[in-house]
Amino acid sequence: MDSVVHAEDSSSANVNFSVCIDKIEGTSAGVLKVYLADGPSFFVRDVYLDSFPLEQLDCGAVLDQESSAELLHAARIYLAERAAMDYLSRAEHTRFALSVKLRSAKKGFSEDEVIPALAYLELRGLLDDGRFASAWLRNRSIHQSEGRQKLLAGLVSRGVHMPEARVALDAFFGTIDERDLCLKAAEKLKRIGKAPEKMLSALVRKGFQAKLISECLKILQK
């Protein structure tokens, strides 16, 4: 039975047999450990069984094919949740990035397994696109001096929705002056020998507005 709920296997929605429950143990945070009479145990979170008749989860219960499929599907959602948490333990991710990783050939989860798992993590505050955006902006500014437009494009390309990206940028530029970033970028270009006309186009590509670029180039000329 372990092969049915294993992360790399196909969706449990295709299960075509019944399962017999040996016993159920409740663990912390609403997670159940299900022991099968004819196979190994697996875990499932109770919130993923919202439409499942919980009275059927009892020692010695024999589930029909439909209930068996639903139970094993919920177990795979829990596996998707744990895989997502493994990624999040290493670094902040957007919902979009996690969805892509979980649905990759390597992980093999289906969309209907990924969606409820990520929704649960968002509800618990463990997955937060706004928090990712803030962390990404801080880390980006350590190595790059870029303007609002370039940073906005970077956030959106990583799956942050436009409203959340703009909120994160407003907070970021509430503590960091974009003019200082533009001056820093312009000074770097000057040190490597960029001509003034080339500096203009380079700073535009870095996402700074023309008016701000003009002000910074005038300061460098003094």
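Residues numbered from 1 in each chain as written. Predicted model: local features only at pLDDT ≥ 70, side-chain atom pairs only at ≥ 80, totals over all residues. Heavy atoms only, no water.

Draft legend 1. Focus on the pairing of strand E1 (residues 21-26). As judged from the five bridges shared by E1 and strand E2 (residues 31-36), these two strands associate in the antiparallel manner. For Ile 24, the partnering residue across the bridge sits in E2 and is Val 34. Here E1 hands over to E2 after four residues, with Ala 29 in that stretch at a positive phi of 60°. (Pairing = 2+ DSSP bridges. Helix = DSSP H or I, 4+ residues; strand = E, 2+ residues; numbered from the N terminus.)

Draft legend 2. Up close: the packing of helix H9 (residues 196-205) against helix H10 (residues 210-221). Two numbers describe how H9 lies on H10: the axes approach to 11 Å, and their chain directions differ by 140°. In this view, H9 runs oblique relative to H10, as classed from their interaxial angle. Classified by chirality, the crossing of H10 by H9 is right-handed. Packed against H9, whose contacting residues are Pro 196, Met 199, Leu 200, Leu 203 and Val 204, the element H10 presents Ile 213, Leu 217 and Leu 220 at the interface. Taken together, the residues of the contact of H9 with H10 sort by class into eight nonpolar, no polar and no charged. (Axes fitted to C-alpha atoms, helices over the stretch in contact; angles between N-to-C directions. Parallel < 35°, antiparallel > 145°, perpendicular 65-115°, else oblique. Left-handed = near helix turned anticlockwise from the far one by under 90°. Contact = heavy atoms within 4.5 Å. Nonpolar A, V, L, I, M, F, W, Y, C, P; charged D, E, K, R; others polar.)

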